[in-house]
Amino acid sequence: MSQHESDIDSQNDVITKPEQAEVPLFHVVMHNDNFTTMDFVVFVLVEVFAHGMDKAVSLMMDIHQTGQAIVATLPKEIGEMKIAIVQEYAEEAEFPLLVTLKRA
C-alpha cells in the first residue's frame, strides 16, 4: 500500500460531523367549544397556522367532532407565539377559543 492510499484511508476515518441538539417539539391543540364559529376556526387555521382551505376545514371538523385536534407541531417558543396570536384574534372576535400546548 502506498503512503498516498494510507493518507486517504485515515482521512475518511477521521471526518466527523458535529452533533446538533434536537429542539423539543410541542403539539398545538385546539379545543372545541359551543360558541366559537366554525368559520372563525377555519380562518385561524388558515391565517395563523398556514393550512390550506381543505386541511383547515378537515381540522375544524375533527375539532368539532372529537373535542380537540392537533393543529401544528412546533418548537415551544413558536407554538406559544402562535397561541398568543390566536388568543388575540379570539378576544377581538369575542370567542372563548381555547388553544393549548403539550409536549409532542
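An unreviewed UniProt entry annotates the protein chain as ATP-dependent Clp protease adapter protein ClpS of Moraxella bovis. Quoted verbatim from the Sequence similarities (unreviewed entry) field of UniProt, the annotation for the protein chain is "Belongs to the ClpS family." Within the UniProt record for the protein chain, the comment given under Function (unreviewed entry) is "Involved in the modulation of the specificity of the ClpAP-mediated ATP-dependent protein degradation."

A. Quick peek at unusual backbone geometry. Phi angles above zero are rare outside glycine, and Ala50 is one such case at about 60°. Turning to its location among the elements, Ala50 is positioned in the loop between helix H2 (38-47) and helix H3 (53-66). Look at Glu94: it is not a glycine, yet its phi comes out positive at around 60°. Within the fold, Glu94 resides in the loop between helix H4 (76-93) and strand S3 (98-103).

B. Region of the structure containing the sheet that holds strand S1 (residues 25-31). Sheet architecture is open: 3 strands sit in the order S2-S1-S3, paired in antiparallel fashion. With partners counted over all chains shown, the strands left at the sheet margins are strand S2 (68-75) and S3, one partner each. Across the sheet, the mean angle separating the axes of adjacent strands is 30° when strand polarity is ignored. Here 7 bridges tie S1 to S2, and the two strands are oriented antiparallel to one another. From the neighbouring strand, Leu25 faces S2, where its bridge partner is Pro75. Contacting S1, S2 and S3, H4 runs over the sheet at an angle of about 130° to S2.

C. Quick peek at the pairing of S1. Across the 7 residues of S1, 6 count as buried, placing the element largely inside the fold. With 6 bridges connecting them, S1 and S3 associate as antiparallel partners. Note that in S3 the partner of His31 across the bridge is Leu98.

Thresholds applied
Residues numbered from 1 in each chain as written. Predicted model: local features only at pLDDT ≥ 70, side-chain atom pairs only at ≥ 80, totals over all residues. Heavy atoms only, no water. UniProt positions renumbered as here; feature names shortened; annotations may be inferred. Helix = DSSP H or I, 4+ residues; strand = E, 2+ residues; numbered from the N terminus. Pairing = 2+ DSSP bridges. Axes fitted to C-alpha atoms, helices over the stretch in contact; angles between N-to-C directions. Contact = heavy atoms within 4.5 Å. Buried < 20%, exposed > 50% of the residue type's maximum accessible area, 1.4 Å probe, protein only.

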